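What follows is each chain in one-letter form.
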Amino acid sequence: MSFFTRFLLINLAIFQCLSLLCLAARDFDFFYFVQSWPGSYCDTRRSCCYPQAGKPSPDFKIHGLWPNYNDATYPSNCDSSNLFDPSQVSDLEDSMQRDWPSLACPSSDSTKFWAHEWNKHGTCAESVVDQHAYFEAALNLKTQADILKALQTAGINPDGSSYSLSKIKSAIEDGVKLSPGITCNTDESGNSQLYEVYFCVDSSASNFIDCPVFPDGNCDSSVEFPEF
Ligand code: AMP
């Protein structure tokens, strides 16, 4: 084989490797790490059921870690051959019961909620995280982003009062050092209330980043922060 042919073949091999890497990296662009206020999940017309483990502590809880694209679209249900298997996260279960409980009715052991999150979102990040790494990453992110502490430090408490949305945002920015996306739902009387807080995480699921795009803000300028 001539030197030139060998040179061409090596270049072709390098090019193929790089394209594969690029394709893998293009699975998605970043994650949304979403936490929700349980009082606002429960305080709606639909109401809620406490999990079998009992009433969760009054803190923001994990909703999910969602692969997303920079254009605000997202992939879902990417691999039906890799569905949630509780035995893969048994060592994380106590932490998941504490930080990622289901409030859906009827009361459950939360497995169905975790299965929904992995099957819909986690499978779209399986090139980066397996089931164990996915749930572990979310639990770790939660310990680094204490939303309730940031709000309470700024005098914003879950006491049923209303607070200005811009004050809530600044309190989270000051306390967590990240700019949040915030979404609201409505209580039984139709009042806008603080529901979910979005942070962005790089595609390795380990580092917070500035959000490339925020979810649509649907909150009023003043929002209720219900008790839980
Ligand atoms: P997702 O499909 O990941 O956007 O999540 C939306 C689904 O999760 C809906 O079916 C919600 O009812 C459900 N959900 C959201 N928060 C909770 C929660 N705290 N407990 C149980 N189910 C939830």
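What counts, and where the lines are drawn
- Residues numbered from 1 in each chain as written.
- Predicted model: local features only at pLDDT ≥ 70, side-chain atom pairs only at ≥ 80, totals over all residues.
- Heavy atoms only, no water.
- Disulfide = S-S within 2.5 Å.
- Helix = DSSP H or I, 4+ residues; strand = E, 2+ residues; numbered from the N terminus.
- Buried < 20%, exposed > 50% of the residue type's maximum accessible area, 1.4 Å probe, protein only.
- Contact = heavy atoms within 4.5 Å.
- Polar contact = N/O pair within 3.5 Å; in protein donor to acceptor, adjacent residues only side chain to side chain.
- Salt bridge = Lys/Arg side-chain N within 4 Å of Asp/Glu carboxyl O.
- Near = heavy atom within 4 Å.
- Areas by Shrake-Rupley, 256 points an atom, 1.4 Å probe, with all protein chains shown as cover.
- Nonpolar A, V, L, I, M, F, W, Y, C, P; charged D, E, K, R; others polar.
- UniProt positions renumbered as here; feature names shortened; annotations may be inferred.

**Overview of the state of the cysteines**
- Applying the stated criterion across every chain yields a total of five disulfides.
- A sulfur-sulfur separation of 2.0 Å characterises the disulfide bridge that pairs C78 with C124. Disulfide C78 to C124: torsion about the S-S bond roughly 95 degrees, handedness right-handed. One end of the pair, C78, is in the loop between β2 (61-68) and α3 (93-99); the other, C124, is in the loop between α4 (111-120) and α5 (131-144), and 46 residues separate them in sequence.
- The class for C124 is buried, based on a relative accessible area of 5%.
- For C200, the disulfide goes to C211, at an S-S distance of 2.1 Å. Its torsion about the S-S bond being 100 degrees, the disulfide of C200 and C211 is classed as right-handed. Of the two residues, C200 is situated in strand β5 (residues 192-201) and C211 in the loop between β6 (208-209) and β7 (222-224); the sequence distance between them amounts to eleven residues.
- By relative accessible area, which is 1% here, C200 ends up buried.
- The cystine pairing of the protein, numbering bonded cysteines in sequence order, is 1-2, 3-5, 4-6, 7-10, 8-9.

**A few points about the side chain of N119**
- Here N119 shows up in helix α4.
- With sequence-adjacent residues up to four places away left out, N119 is seen in contact with N77, C78, N82, L83 and F84.

**Some points on the side chain of Q193**
- Here Q193 lies in strand β5.
- You can call Q193 buried: its relative accessible area is 0%.
- Looking at Q193, its side chain comes within polar contact range of the main-chain oxygen of S40, at 3.5 Å.

**Remarks on the pattern of salt bridges**
- Counting across every chain of the model gives two salt bridges.
- Between D59 and K142 there is a salt bridge, with the nearest N and O atoms lying 3.2 Å from each other. Here D59, found in the loop between α2 (38-42) and β2, pairs with K142, found in helix α5; they are 83 residues apart in sequence, far enough to count as distant. One exposure class covers both D59 and K142, and it is buried.
- Here R98 and D99 are joined by a salt bridge, their closest N and O atoms 3.0 Å apart.
- We classify D99 as buried; its relative accessible area is 7%.

**Regarding the site of the ligand**
- The local shell around the ligand holds 13 residues, among which L103, H116, E117, K120 and H121 are the closest.
- Here H116 contributes a side-chain N or O atom positioned 2.6 Å from an oxygen atom of the ligand.
- A distance of 2.7 Å is found between an oxygen atom of the ligand and a side-chain nitrogen or oxygen belonging to H121.
- Starting from 500 Å² of accessible surface for the ligand in isolation, the protein chains cover 75%.
- Those elements giving two or more residues to the shell around the ligand turn out to be β2 and α4.
- Counting residues per element, the shell around the ligand draws most heavily on α4, which supplies four residues.
- Here the residues of the shell around the ligand sort into six nonpolar, four polar and three charged.

**What about the UniProt feature "active site" (unreviewed entry) in the protein?**
- When the UniProt feature table is mapped onto this chain numbering, "active site" (unreviewed entry) sits at H63, E117 and H121. Despite a sequence span of 59 residues, these residues sit close together in the fold, their greatest C-alpha distance being 11.2 Å.
- Topologically, H63 is positioned in strand β2.
- Beyond its immediate sequence surroundings of up to four residues, H63 is in contact with V34, Q35, S36, W100, F113, E117 and E196.
- Mapped onto the fold, H121 is located in the loop between α4 and α5.
- For H121, a relative accessible area of 3% corresponds to the buried category.
- Beyond its immediate sequence surroundings of up to four residues, H121 is in contact with L65, W66, P67, Y74, H116 and Y134.

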